[in-house]
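One-letter residues, chain by chain:
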Amino acid sequence: MPTHRNWAGNIQYSARAYHRPTTVAELATLVAGSDRIRAVGSGHSFNPLGDTTGDLVTLAGLPADVRLDEERRTVDVPAAMRYGDLASWLHERGYGLANLASLPHISVAGAIATGTHGSGERNGNLATAVAGLELVTATGELRTVHRDSDDFAAMVVSLGALGIVTRVTLDVLPTFDLRQYVHLDLPRAALDEALGSAYSVSVFTDWRSTRGTQVWRKQLAPAPAPPAGWLGTTAADRPWHPVPGMPTANCTEQLGVPGPWHERLPHFRLGFTPSSGDELQSEYHLPRADAADALAALDEVAPLIAPVLQISELRTIAADDLWLSPQYHRDSLAIHFTWIADTARVLPVVAEVEQALAPFAPRPHWGKVFTTAPEAIAATYPRWSDFATLLHHLDPTAKFHTPALNPLFPR
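In short, a report on the structure. This is a predicted model, so every value here is computed, not measured.

**Some thoughts on the sheet that holds strand S3 (residues 55-58)**
Alright, step 1. The three strands lie next to each other as S1-S3-S2, forming an open sheet whose pairing is parallel. Strands at the two margins of the open sheet, each flanked by one partner only, are strand S1 (17-19) and strand S2 (37-40). Put simply, the sheet's adjacent strands are angled 25° from each other on average, direction ignored.
Alright, step 2. Bridge analysis of S1 against S3 gives three bridges, and the strand direction is parallel. Opposite histidine 19, over in S3, you have valine 57 as the bridge partner.

**Regarding the side chain of aspartate 55**
Alright, step 1. Tracing the backbone through its elements, the reader meets aspartate 55 in strand S3.
Alright, step 2. Judged by its relative accessible area of 8%, aspartate 55 is buried.
Alright, step 3. At a separation of 3.1 Å, a polar atom in the side chain of aspartate 55 contacts the side chain of arginine 16.
Alright, step 4. For aspartate 55, the residues in contact, after removing those within four places along its chain, are Arg16, Ala17, His19, Ser34, Arg36, Ile37 and Arg38.

**Focus on the environment of glutamate 121**
Alright, step 1. Within the fold, glutamate 121 resides in the loop between helix H3 (108-113) and strand S7 (130-136).
Alright, step 2. Glutamate 121 sits ten residues away from alanine 111 along the chain, and the two C-alpha atoms are 19 Å apart.
Alright, step 3. Filtering out sequence-adjacent residues up to four positions away, glutamate 121 remains in contact with Gly196, Arg288, Thr316 and Ala318.

**Looking at the pattern of salt bridges**
Any two side chains of opposite charge can pair, on the condition that their charged atoms come close.
Alright, step 1. The full count for this structure, using the stated rule, is 18 salt bridges.
Alright, step 2. Of the charged contacts in the structure, one is a salt bridge between arginine 67 and aspartate 65, with a shortest N-O distance of 2.7 Å.
Alright, step 3. Judged by relative accessible area, arginine 67 falls into the partly exposed class, the value being 44%.
Alright, step 4. Two residues, glutamate 313 and arginine 315, come together in a salt bridge whose shortest N-O distance is 3.4 Å.
Alright, step 5. A relative accessible area of 5% places glutamate 313 in the buried class.
Alright, step 6. One salt-bridge network, in which partners are shared between bridges, spans Asp65, Arg67, Asp76 and Arg167.

**A look at the sheet that holds strand S8 (residues 142-146)**
Alright, step 1. Spatially, five strands are ordered S4-S5-S9-S7-S8 in an open sheet, and the strand pairing comes out antiparallel. Edge positions in the open sheet fall to strand S4 (67-69) and S8, since each of these has one partner strand only. For this sheet, the mean inter-axis angle between neighbouring strands, taken without regard to orientation, is 15°.
Alright, step 2. As judged from the three bridges shared by S4 and strand S5 (residues 74-78), these two strands associate in the antiparallel manner. Bridged to arginine 67 within S5 is aspartate 76.
Alright, step 3. Running over the sheet, helix H1 (residues 24-33) touches S7, S8 and strand S9 (164-171) and is turned about 60° from S7.

**Re helix H8 (residues 343-357)**
Along an α-helix, a turn takes 3.6 residues, which lines up residues three or four apart on a common side.
Alright, step 1. Spanning 15 residues, H8 covers 20 Å between terminal C-alpha atoms, matching the ideal 21 Å at 1.5 Å per step.
Alright, step 2. Listing the buried residues of H8 in full gives Val346, Val349, Val350, Val353, Glu354, Ala356 and Leu357. For H8, the arc enclosing every buried residue in end-on projection is 155°, short of the 170-degree limit, so these residues lie on one face. Opposite its buried face, H8 presents the exposed residues Ala344 and Gln355, each directed more than 90 degrees away.
Alright, step 3. Here the buried face of H8 lies against strand S16 (280-287), helix H6 (291-299), helix H7 (302-305) and strand S18 (332-339).

**Here's the deal with H6**
Alright, step 1. Ala291, Ala294, Leu295, Ala297 and Leu298 are the residues of H6 that are buried. When H6 is viewed along its axis, its buried side chains cluster within an angular range of 155° and face the same direction.
Alright, step 2. Packing partners of the buried residues in H6 comprise helix H5 (191-195), S16, H7, strand S17 (309-317), S18 and H8.

**Quick look at the packing of H6 against H8**
Alright, step 1. Remark: H6 packs on H8, axes separated minimally by 9 Å, with the N-to-C direction vectors making an angle of 140°. Accordingly, the angle class assigned to the pair H6 and H8 is oblique. As for the relative orientation of H6 and H8, their crossing is right-handed in sense. Here Ala294, Ala297 and Leu298 of H6 lie close against H8, whose contacting residues are Val353, Ala356 and Leu357.
Alright, step 2. Classifying every residue of the contact of H6 with H8 by side-chain character gives six nonpolar, no polar and no charged.

**A few points about the nonpolar core**
Alright, step 1. The biggest cluster of nonpolar side chains holds 83 residues, and the ones touching the most others in it are Leu86 and Phe409.
Alright, step 2. For this core, the element with the highest residue contribution is helix H10 (residues 384-394), accounting for six residues.
Alright, step 3. Every residue in contact with leucine 86, bar those within four places of it in the chain, is listed here: Val66, Val75, Val77, Met81, Leu97, Val108 and Leu170.
Alright, step 4. Counting residues in each nonpolar core, the second largest holds 39 residues, with Leu195, Leu333, Val349 and Leu357 among its members.

**Things to note about the pairing of S18**
Regular strands show a simple pattern: their side chains alternate between the two faces of the sheet.
Alright, step 1. The buried count for S18 comes to eight of eight residues, which makes it a mostly enclosed element.
Alright, step 2. With burial as the criterion, each face of S18 is covered, one bearing Ser332, Ala334, His336 and Thr338 and the other bearing Leu333, Ile335, Phe337 and Trp339.
Alright, step 3. Two elements, S16 and S18, share eight bridges in a ladder whose sense is antiparallel. Along S18, the bridge assignment pairs serine 282 with phenylalanine 337.
Alright, step 4. Sheet analysis places S17 next to S18, joined by eight bridges and oriented antiparallel. Considered in S18, the bridge of arginine 315 is made with alanine 334.

Reading guide: rules and limits
- Residues numbered from 1 in each chain as written.
- Predicted model: local features only at pLDDT ≥ 70, side-chain atom pairs only at ≥ 80, totals over all residues.
- Heavy atoms only, no water.
- Pairing = 2+ DSSP bridges.
- Helix = DSSP H or I, 4+ residues; strand = E, 2+ residues; numbered from the N terminus.
- Axes fitted to C-alpha atoms, helices over the stretch in contact; angles between N-to-C directions.
- Buried < 20%, exposed > 50% of the residue type's maximum accessible area, 1.4 Å probe, protein only.
- Polar contact = N/O pair within 3.5 Å; in protein donor to acceptor, adjacent residues only side chain to side chain.
- Contact = heavy atoms within 4.5 Å.
- Salt bridge = Lys/Arg side-chain N within 4 Å of Asp/Glu carboxyl O.
- Expected span 1.5 Å × (residues − 1).
- Arc of directions from axis to C-beta.
- Parallel < 35°, antiparallel > 145°, perpendicular 65-115°, else oblique.
- Left-handed = near helix turned anticlockwise from the far one by under 90°.
- Nonpolar A, V, L, I, M, F, W, Y, C, P; charged D, E, K, R; others polar.
- Core = buried A, V, L, I, M, F, W, Y, C linked by side-chain atoms within 4.5 Å.

Now the structure itself:
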């Protein structure tokens with residue numbers, strides 16, 4: 001079998017075989033006959049969540065049809081489809097999604113399974129747009145669940161542990177336009193107001209001071225432009241990239257030029273390398289109300305963070321009711337770190353960050369680098385034991401377990 005790695009290159013998959021089924025029936029037969037199996041999407045997880053010592057499956061060969069239901073305002077899509085491709089397809093037909101992640105390169109099923117998100121204090125993570133799922137369970141059965149199905153709230157952000165999702169039904173809304181403005185040098189005292197100031201907001205910092213280096217505001221197109229000197233910042237007069245030194249051509253259009261939602265909500269263009277491309281990432285989700293105290297705690301370890309950091313991003317996400325969602329029952333602040341690609345130097349700093357944030361019950365992003373003890377993570381999720389019970393019921397032999405799942409849900 002050829003060597004397969006994740007997007008960042010820090011994880012080499014250890015599967016004994018790699019499969020590309022072309023029908024759901026072929027996938028179901030493969031699942032039923034395997035003792036260990038996982039699906040891998042775009043490979044954007046930075047930990048072994050998608051790894052297995054058994055069979056690794058790509059769903060890119062399954063039928064790629066997209067089905068729009070204008071009456072129900074939903075779209076049914078193949079699990080392996082990238083958000084960027086879906087977004088263009090929808091916009092051409094007059095529809096959109098409520099939000100997108102910072103990069104449109106990620107697969108739909110992989111993003112929702114890990115609780116991946118964009119920003120905006122009224123916007124839920126990407127999984128909150130899910131209206132239904134089709135998945136192959138451990139026995140090879142094809143199962144469909146909808147919002148009114150039992151255990152639906154457990155099965156959306158599922159870490160791939162309950163089955164292999166083959167199709168996803170998402171809520172859609174009429175297409176809309178946004179304008180993107182970048183502001184420089186935000187005072188920490190203005191952070192909360194800044195985060196709530198537009199449809200989607202990201203604040204970047206390098207942890208070399210308490211100020212935000214950049215604020216990316218994605219506002220609805222009809223809204224008035226921000227005033228000069230907005231919140232004590234300086235308006236950017238040229239395009240910017242969040243990571244210093246990286247080409248701005250990789251980023252979505254700025255300077256207030258109006259454009260469709262899917263060309264403004266992501267930070268990066270689909271046809272270009274997102275972020276820096278040579279990196280590790282970590283992210284922690286905290287109660288929004290604890291933002292000031294949590295950032296003050298990180299100030300204490302900022303001298304450790306800065307030397308191994310490319311950039312850090314602060315975003316807000318609305319609460320939801322999905323059992324393993326990092327936003328389960330709490331409006332959240334996400335503190336994201338794009339690290340240098342040096343695991344040996346980064347991991348000790350990750351541990352210091354986690355220790356500083358521990359009083360605020362942080363929930364790590366499921367697809368990124370973290371060292372938080374499993375019992376500490378479990379303690380932040382009220383439905384953890386309920387999910388474990390469902391997991392044992394649907395996958396009694398741990399067929400879908402991975403090196404990352406084993407310590408979280410031991411057998």
